[in-house]
Amino acid sequence: MRLFWTFFWTFFWTFLLVQMATYVMGSMQGTGYDFATGALLGVIVTILVFVIAALIPDEPAGDHHY
(Lines give C-alpha, C1' and ligand atoms only; values in the text may rest on other atoms or scores of the structure.)
Protein backbone atom coordinates (compact mmCIF):
# COMPACT_ATOMS: atom_id res chain seq x y z
CA MET A 1 0.00 0.00 0.00
CA ARG A 2 2.93 2.35 0.68
CA LEU A 3 4.10 1.98 -2.92
CA PHE A 4 0.67 3.07 -4.17
CA TRP A 5 0.80 6.26 -2.11
CA THR A 6 4.31 6.97 -3.34
CA PHE A 7 3.12 6.78 -6.95
CA PHE A 8 -0.07 8.70 -6.19
CA TRP A 9 1.55 11.66 -4.43
CA THR A 10 4.37 11.87 -6.97
CA PHE A 11 1.82 12.00 -9.79
CA PHE A 12 -0.40 14.45 -7.89
CA TRP A 13 2.33 17.03 -7.23
CA THR A 14 3.98 16.60 -10.63
CA PHE A 15 0.61 17.03 -12.32
CA LEU A 16 -0.13 20.23 -10.38
CA LEU A 17 3.32 21.72 -10.97
CA VAL A 18 3.23 20.96 -14.69
CA GLN A 19 -0.27 22.47 -14.96
CA MET A 20 0.99 25.64 -13.28
CA ALA A 21 4.05 25.76 -15.54
CA THR A 22 1.85 25.25 -18.61
CA TYR A 23 -0.40 28.10 -17.54
CA VAL A 24 2.48 30.50 -16.82
CA MET A 25 4.36 29.69 -20.02
CA GLY A 26 1.19 30.03 -22.06
CA SER A 27 0.49 33.40 -20.47
CA MET A 28 4.02 34.59 -21.18
CA GLN A 29 3.68 33.59 -24.83
CA GLY A 30 0.21 35.12 -25.15
CA THR A 31 -1.53 31.81 -25.91
CA GLY A 32 -4.50 30.25 -24.18
CA TYR A 33 -4.33 27.69 -21.40
CA ASP A 34 -4.76 24.10 -22.60
CA PHE A 35 -5.53 21.53 -19.91
CA ALA A 36 -4.87 18.58 -22.24
CA THR A 37 -1.33 19.72 -22.98
CA GLY A 38 -0.60 20.10 -19.28
CA ALA A 39 -2.14 16.72 -18.51
CA LEU A 40 -0.06 14.96 -21.17
CA LEU A 41 3.13 16.67 -20.02
CA GLY A 42 2.26 15.81 -16.40
CA VAL A 43 2.04 12.11 -17.20
CA ILE A 44 5.27 12.20 -19.21
CA VAL A 45 7.20 14.07 -16.49
CA THR A 46 5.86 11.67 -13.83
CA ILE A 47 7.13 8.68 -15.83
CA LEU A 48 10.50 10.39 -16.28
CA VAL A 49 10.74 11.03 -12.53
CA PHE A 50 10.16 7.34 -11.78
CA VAL A 51 12.65 6.21 -14.45
CA ILE A 52 15.35 8.58 -13.18
CA ALA A 53 14.68 7.50 -9.57
CA ALA A 54 15.07 3.86 -10.60
CA LEU A 55 18.38 4.56 -12.37
CA ILE A 56 20.01 6.41 -9.49
CA PRO A 57 21.99 4.02 -7.24
CA ASP A 58 20.61 3.58 -3.74
CA GLU A 59 23.89 2.80 -1.94
CA PRO A 60 26.16 5.44 -0.41
CA ALA A 61 28.96 6.82 -2.54
CA GLY A 62 31.69 5.72 -0.13
CA ASP A 63 34.85 7.45 1.01
CA HIS A 64 37.09 9.05 -1.55
CA HIS A 65 40.50 10.17 -0.31
CA TYR A 66 42.37 12.27 -2.82
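Keep in mind it's a predicted model, so treat the numbers as computed, not measured.

**A few points about a nonpolar patch on the surface**
Part 1 of the argument: A contiguous nonpolar patch, built from Met-1, Phe-4, Trp-5, Phe-8, Trp-9, Phe-12, Trp-13, Leu-16, Leu-17 and Met-20 and spanning about 1100 Å² of accessible area, is present on the exposed surface.
Part 2 of the argument: Residue placement: Leu-17 occurs in helix 1 (residues 2-29).
Part 3 of the argument: Here Leu-17 falls in the exposed class, since its relative accessible area comes to 52%.

**Focus on the packing of aromatic side chains**
Part 1 of the argument: For the structure shown, the criterion picks out 12 aromatic pairs.
Part 2 of the argument: With a centroid separation of 6.2 Å and an interplanar angle of 20 degrees, the aromatic rings of Phe-4 and Phe-8 are classed as stacked. Within this pair, Phe-4 and its partner Phe-8 are both found in helix 1, separated by 4 residues, close to a single helical turn.
Part 3 of the argument: By relative accessible area, which is 45% here, Phe-4 ends up partly exposed.
Part 4 of the argument: Aromatic ring contacts, followed pair by pair, group Phe-4, Trp-5, Phe-8, Trp-9, Phe-12 and Trp-13 into a single cluster.

Criteria and cut-off values
Each chain has its residues counted from 1, following the order in which its sequence is written. Local features in a predicted model are, by the rule used here, given only for residues with pLDDT of at least 70; side-chain atom pairs are given and counted only at 80 or more, and totals for whole chains, interfaces and linings are based on all residues. To get the side-chain values, all heavy atoms of the structure are used, and hydrogens and water are removed first. A residue counts toward a patch only above 30% relative accessible area and without a salt bridge, and it is joined to like-charged neighbours within 9 Å or, for Val, Leu, Ile, Met, Phe, Trp and Tyr, to nonpolar neighbours within 5 Å. Under the convention used here, a 1.4 Å probe and the Shrake-Rupley method define accessible areas, while residue burial counts only the protein chains that appear. One side-chain nitrogen of Lys or Arg within 4 Å of one carboxyl oxygen of Asp or Glu is enough to make a salt bridge. Runs of E in the DSSP output that reach at least two residues are strands. Runs of H or I that reach at least four are helices, and both are numbered from the N terminus. Accessibility here uses a 1.4 Å probe with only protein chains present; expressed as a share of the type maximum, an area under 20% marks a residue as buried, one over 50% as exposed, and anything in between as partly exposed. Each Phe, Tyr or Trp ring (for Trp, its six-membered ring) is paired with any other whose centre lies within 6.5 Å, and the angle between the two planes then decides the class: stacked below 30 degrees, edge-to-face above 60, tilted in between.

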